[in-house]
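# A structural walkthrough
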Amino acid sequence: MPWKPSFPGEVPTLGYQVIDWMTELLAAPDRGEYAPFVPYLEQEDFLLRFYEIDPRTGRRRYRRGVLSRSRGWGKSPLLGAIALAEALAPVVPDGWDADGQPVGRPWSDLRTPWVGVLAVSEAQTSNTWAPMLEMCDGPLVEEYPGLEPLDTFINLPRRGKIEPITSSARTVKGKRWVFAVLDQTEEWVASNGGLNLFEKVKNNTAKTGGSFIESPNAF
């Protein structure tokens, strides 16, 4: 069934499903007690755009995004939430429902979901990694038996892994990521291996049909 807009100007997107998934399953980081992670309106707008679907092809429109905001905006928790969604949630377009609205399925139905949190130093990877681990501490581990959030990687239930990687890692070349976070890319230069790392991410995600988001700090 082809996509049918509900109102003029509507664009099909899996973003609404992704937002619901995050709110229902992820814990808000840096809290004394459990609270759900709830993206605020500007973050929701980014998710709706990033998960837009081309109504002609039924595929995701964007394979590369840039989230450039000032410190304190909440980039790291949002990127951690997206990384978890790409690893587990139904983010791969899988046609349309009876009402002509988009539906999705998880990457694990198609291939092993490898997700990377990349930076040119370990200190930078922790920007996203630390809040992401806290987001797993709640309904997520109950919903996905076998999910193992560990200090240095997250084992996914059926297969695959989320892991932090720096430009000095020797295993970058063969990683077939379905999604990657590229943190503080304003500091990715030739001298620290950042440019080489970027090319590998771009090539490897293209091979899987995956995507990546850069998160440079705003000027």
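On a predicted model such as this, the values are computed, not experimentally measured, just so you know. (Residues numbered from 1 in each chain as written. Predicted model: local features only at pLDDT ≥ 70, side-chain atom pairs only at ≥ 80, totals over all residues. Heavy atoms only, no water.)

## Concerning the pattern of salt bridges
For clarity, the cut-off: When a carboxyl oxygen of Asp or Glu lies within 4 Å of a side-chain nitrogen of Lys or Arg, that pair is called a salt bridge. In this text, helices come from DSSP runs of H or I with a minimum length of four residues, and strands from runs of E with a minimum of two, each type numbered from the N-terminal end.
Under the definition given, this model contains nine salt bridges. A salt bridge links Arg158 to Asp109, with the nearest nitrogen and oxygen atoms 3.3 Å apart. Placement of the pair is Arg158 in the loop between strand E6 (154-155) and strand E7 (161-166) and Asp109 in the loop between strand E3 (102-105) and strand E4 (114-119), with a sequence separation of 49 residues. Among the ionic pairs, Lys202 bridges to Glu199, the shortest N-O distance being 3.5 Å. One end of the pair is Lys202 and the other is Glu199, both in helix H6 (residues 194-208) and three residues apart, which spans about a single turn. Each of Arg49, Glu52 and Arg61 takes part in one network of salt bridges that share partners.

## Describing the packing of aromatic side chains
Put simply, the rule is: The aromatic pairing rule takes the rings of Phe, Tyr and Trp, using the six-membered ring of Trp, and pairs them if the centres are within 6.5 Å, calling planes under 30 degrees apart stacked, those over 60 edge-to-face and the rest tilted. Throughout this description, buried means an accessible area under 20% of the type-specific maximum (1.4 Å probe, protein chains only), exposed means over 50%, and partly exposed covers the range between. Throughout this description, the term charge over a ring refers to an Arg CZ or Lys NZ atom that lies within 6 Å of the ring centre and within 35 degrees of the ring normal.
This structure, assessed with the given rule, holds six aromatic pairs. With 5.6 Å between their ring centres and 75° between their planes, Tyr40 and Trp73 make a pair best called edge-to-face. With Tyr40 in the loop between helix H1 (15-25) and helix H2 (41-50) and Trp73 in the loop between strand E1 (64-66) and helix H3 (75-88), the pair connects residues that are 33 residues apart, well separated along the chain. By relative accessible area, Tyr40 is classed as partly exposed at 36%. Centre to centre, the rings of Phe50 and Tyr51 are 5.2 Å apart; their planes meet at 80°, and the pair counts as edge-to-face. The pair Phe50 / Tyr51 is uniform in exposure class, with both members buried. A connected cluster of aromatic rings, assembled from ring pairs, spans Phe46, Phe50, Tyr51 and Phe179. Positioned over the ring face of Trp73 is Arg69, at 5.5 Å from the centre of the ring. Geometry around Phe153 places Lys161 over its ring, the cationic atom sitting 4.6 Å from the centre.

## What about the environment of Trp73?
Convention followed: Whether two residues are in contact is decided by their heavy atoms, any of which lying within 4.5 Å being enough.
With relative accessibility at 13%, the residue Trp73 sits in the buried group. Beyond its immediate sequence surroundings of up to four residues, Trp73 is in contact with Tyr40, Glu42, Gln43, Leu67 and Leu78.

## Some remarks on H6
Basically, it comes down to this: Here the expected span of a helix is defined as 1.5 Å times the quantity of residues minus one.
In this model H6 runs 21 Å from its N-terminal to its C-terminal C-alpha over 15 residues, within 8% of the 21 Å that 1.5 Å per residue would give. Backbone geometry just after H6 places Gly209 at a positive phi near 75°.

## Points about the side chain of Thr208
How we decide: Under this definition, polar contacts are N or O atom pairs within 3.5 Å; protein pairs additionally need one hydrogen-donor-capable and one acceptor-capable atom, and for neighbouring residues in sequence, both atoms have to be side-chain atoms.
Within the secondary structure layout, Thr208 lies in helix H6. On the accessibility criterion, Thr208 (8% relative accessible area) is buried. A polar contact is formed between the side chain of Thr208 and the backbone nitrogen of Gly210, at a distance of 3.1 Å. Leave out the neighbours within four places in its chain, and Thr208 touches Trp107, Arg111, Arg176, Trp177 and Val178.

## A look at the sheet that holds strand E8 (residues 177-183)
Sheets are built from strands paired through backbone hydrogen bonds, the pairs being either parallel or antiparallel. The cut-off we apply is this: Following DSSP output, two strands are said to pair if at least two bridges run between them. Helix axes are fitted only over the stretch in contact, all axes being lines through C-alpha atoms; the angle between N-to-C directions runs from 0 to 180 degrees.
Spatial strand order, E1-E9-E8-E4-E7-E6-E5: seven strands in an open sheet with mixed pairing. This sheet does not close on itself; its edge strands, each paired only once, are E1 and strand E5 (148-149). Judged from the five bridges that link them, E4 and E8 form a sheet pairing that is parallel. Bridged to Gly116 within E8 is Ala180. Sitting on the sheet, H6 is in contact with E1, E4, E7, E8 and strand E9 (211-215), with an inclination near 155° to E8.

## As for the pairing of E9
Where burial is concerned, most of E9 is hidden: five out of the five residues are buried. Side-chain alternation along E9 places Ser211, Ile213 and Ser215 on one buried face and Phe212 and Glu214 on a second face that is also buried. Note that E1 and E9 share three bridges and pair parallel. Following the sheet pairing, Val66 is matched in E9 by Glu214. Looking at chain direction, E8 and E9 are connected through five bridges and run parallel. In the strand pairing of E9, Leu182 is matched with Glu214.

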